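# Tertiary structure, described
Below are the chains, spelled out letter by letter.
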Amino acid sequence: MKKSKWNFDEIIDRTKTSSVKWDNEFMKKYFKYDELLPLWVADMDFRAPDELLDALRERVDHGIFGYTVTPDSYYEAIINWFKRRHGWSLEKDWIKFAPGVVPAINFIIQYFSRPGDNIIIQEPVYYPFANQIKSNGRNVVNNQLVIKNNRYEMDFEDLKKKCKEPRTKLLILCSPHNPVGRVWTKKELTKLGKICNENNVLVVSDEIHCDLIFPGHKHIPYATISKEFAQKSITCVAPSKTFNIAGLKSSNVIIPNKILCDEFVAKCGTLSIRGPGIIGAVATEAVYNDCEEWLEELLKYLWQNYEFLKSYFAGYNPDIEVFSLEGTYLPWVDFRKLGIDPKELDRCIKEDGKVCLDDGGMFGESGKGFQRFNLACPKSIVENALERITNALDRSSKK
Ligand SMILES: Cc1ncc(COP(=O)(O)O)c(C=O)c1O
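Each value, and the rule that gives it
Residues numbered from 1 in each chain as written. Predicted model: local features only at pLDDT ≥ 70, side-chain atom pairs only at ≥ 80, totals over all residues. Heavy atoms only, no water. Pairing = 2+ DSSP bridges. Helix = DSSP H or I, 4+ residues; strand = E, 2+ residues; numbered from the N terminus. Axes fitted to C-alpha atoms, helices over the stretch in contact; angles between N-to-C directions. Near = heavy atom within 4 Å. Polar contact = N/O pair within 3.5 Å; in protein donor to acceptor, adjacent residues only side chain to side chain. Areas by Shrake-Rupley, 256 points an atom, 1.4 Å probe, with all protein chains shown as cover. 1 Å grid on protein atoms, 1.4 Å probe; cavity = no way out; pocket = protein on both sides within 12 Å on 5 of 7 lines; lining within 4 Å. Sits in = over half its atoms within 2 Å of the grid points. Nonpolar A, V, L, I, M, F, W, Y, C, P; charged D, E, K, R; others polar. Buried < 20%, exposed > 50% of the residue type's maximum accessible area, 1.4 Å probe, protein only. Right-handed = clockwise from strand over helix to strand, strands pointing away. Domains from an automatic or database assignment. Buried area = accessible area lost by both parts, 1.4 Å probe. Salt bridge = Lys/Arg side-chain N within 4 Å of Asp/Glu carboxyl O. Core = buried A, V, L, I, M, F, W, Y, C linked by side-chain atoms within 4.5 Å. Contact = heavy atoms within 4.5 Å.

### With respect to the sheet that holds strand E3 (residues 118-121)
- Within the open sheet, the seven strands sit side by side as E2-E10-E9-E8-E7-E3-E4. Their pairing is mixed. Lying at the two open borders of the sheet, with one neighbouring strand each, are strand E2 (95-98) and strand E4 (139-142). The sheet shows a mean angle of 25° between the axes of neighbouring strands, direction not considered.
- Pairing between E3 and E4: four bridges, direction parallel. Bridge pairing in E4 places Asn118 opposite Asn139.

This is the structure we're talking about:
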C-alpha cells in the first residue's frame, strides 16, 4: 500500500488528558477493573488532521472567544459536505444545532412524544437510545434485528405489529447500525419508512456514522428516499465520529418539515440552546471543507485493522465469528460458540486479558455473548489486545 501522508501507526499517549477512553480512574469505576487496554467507547486514537489543527490554532491565536454568531460559512460547509459525499441537498433552514447527538435524541423524545408513549429501537443497538427513552418515562419497544445467513436484518413483520400499536410515536433508527456494522440498503430503509409512515410513527434517524462506510456499501440518508420520508423524519448528524472531535460537542439535527423544525427550535430556545461554540464551529467548517483526504486514508487504515482482526480470529479459533463490517469502526464479534457464559466471557477479557471492549449485553439481551471492538487505533494496539484476549481465553479453557 502507498505510504500515507498521515501516520496512523503513531502511538500518542492519551493518559492524563482527561480522555474517557483512557482514564484509568474512570474505567475502574465504570468497569470495576484496573489498567485496561481500551478498545471500547467510539473514539479514535489518531492525531486529528493538520488542516483542522491549523484552523483551530489560527482561531486560538486571535485570543478572544466571546459570544458567537453562527456564520453562513458554517452552514455552507455542512451543505457542501452532504451534497458531495451523500448526494443530499440540504437547505440552510433545516439545519439546527445540538450539543451532541445523544442530547439531540433526548430533546426529540421530549418534544415529539409524551410520557407513557412507545418508542421503537432495534436491538442490539447503541445503549443510550434505551436509556434516554426510559429516563424520559417512555416505553422502550424492541424490534429486534435478526441474523440471517450471518448478517443482521430488520424484522419487518414484527415492526408492523409494533408500529400499529397506537401508543407508538417514534422509531429511533441507527444508520449505519452501531454495533452490528450494517449499512442499511435503500430497499430496507424504504420498507421501514413505509411501515412507519402508514402508522404515523416519526423516524429519528441517527446517522452519526454515515461517513465511515467501506467499499461496496453506500450510505443512504433516510430523508433522501422520498419527500414523504423527509417530511416525517428528523436526522441527527455530526462530524464527531468521522473526524474524532466528539470532545467539541458540536452536532446537527436536520429537519425538513417546517412545523417540526419550528417546534424543535422553539423548545431548544427555552433551554437557551442556540448555536455551536466558536471552537466547535471552526472545527466543523475545517473538517468538512478541508479534511476529506484524511478521511479517505483513515478508511483504508481502519479496513486493514478489520482484516487483521478477522484473520487473527480465523487462525485462532474459527468458532469466533467476526461479522462483516459495512460501516463504522466497531466490529461485532460473536463468541457464543465457545460455550462460555457471557458474563464470564466479559470478566475473562477484562480481568484476565486486561482489555476493555464493550460487552454485547450492554446493547440489549440479544447482544449477550458478543463483544464490540473499537479498531480506530494503531494496529499495534489491536495486535496487543488480540494477544491478551486469546491468551486469557487459553488460560481459562485450561482451568
Ligand atoms: C449511534 C451513535 N449515536 C450517537 C453517539 C454519540 O453522539 P454524541 O457524542 O454526539 O452525543 C454515538 C457514539 O458512539 C453513536 O454510536
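### Some remarks on the site of the ligand
- Residues in close proximity to the ligand include Ala42, Gly100, Val101, Val102, Pro103, Tyr126, Cys174, Asn178, Asp206, Ile208, His209 and Lys241, which together make up its full environment.
- In the model, an oxygen atom of the ligand is placed 2.7 Å from a nitrogen or oxygen of the Val101 main chain.
- Between His209 and the ligand, the recorded distance is 2.7 Å, taken from a side-chain N or O atom to an oxygen atom.
- In the complex, 90% of the free accessible area of the ligand, which totals 400 Å², lies under the protein chains.
- Most atoms of the ligand, that is more than half of them, are within 2 Å of grid points of the largest pocket.
- No other element matches helix H4 (residues 101-112), which puts three residues into the shell around the ligand.
- Its residues assigned to classes, the shell around the ligand comprises seven nonpolar, three polar and two charged.

### Re the pairing of E3
- Side-chain alternation along E3 places Asn118 and Ile120 on one buried face and Ile119 and Ile121 on a second face that is also buried.
- Each parallel crossover has a hand, and the one from E3 via helix H5 (residues 128-135) to E4 is right-handed.
- With three bridges joining them, E3 and strand E7 (residues 168-174) adopt parallel strand pairing. Looking at E7, one finds that Ile120 is bridged to Leu171.

### As for the domain arrangement of the chain
- Partitioning the chain into structural domains gives domain 1 (24-49 + 292-398) and domain 2 (68-290).
- Relative to domain 2, the C-alpha centre of domain 1 lies at a distance of 26 Å.
- Counting each side, the surface lost to burial between domain 1 and domain 2 is near 3000 Å², with a carbon and sulfur contribution of 58%.
- The three residues of domain 1 that bury the most area against domain 2 are Glu292, Glu326 and Phe363, which together make up 27% of that side's buried surface.
- In this structure, the connection of domain 1 to domain 2 is made through five salt bridges.
- Linking Glu292 and Arg85 is a salt bridge whose minimum nitrogen-to-oxygen distance equals 3.0 Å.
- At the level of secondary structure, the elements contributing two or more residues to the side of domain 1 that touches domain 2 comprise helix H12 (292-316) and strand E15 (370-372).
- The element that contributes the greatest number of residues to the side of domain 1 that touches domain 2 is H12, accounting for eight residues.

### A look at the nonpolar core
- One finds Leu39, Phe46, Leu52, Phe82, Leu298, Phe313 and Phe373 to be the most contacted residues of the largest nonpolar core, which totals 72 residues.
- Residues in contact with Leu298, not counting those within four places in the same chain, are Phe8, Met44, Phe46, Leu212 and Thr242.
- Counting 30 residues, the second largest nonpolar core, distinct from the first, contains Ala104, Cys174, Val204 and Ile208.

### Quick notes on unusual backbone geometry
- The peptide bond linking Glu123 to Pro124 adopts the cis configuration, its omega dihedral lying at 0°.
- Cis geometry marks the peptide bond from Ser175 to Pro176; its omega dihedral reads 0°.
- Phi at Thr328 is positive, roughly 75°, even though this residue is not glycine.
- By secondary structure assignment, the location of Thr328 is in the loop between strand E11 (321-322) and strand E12 (332-334).
- Given the relative accessible area of 0%, Thr328 is considered buried.

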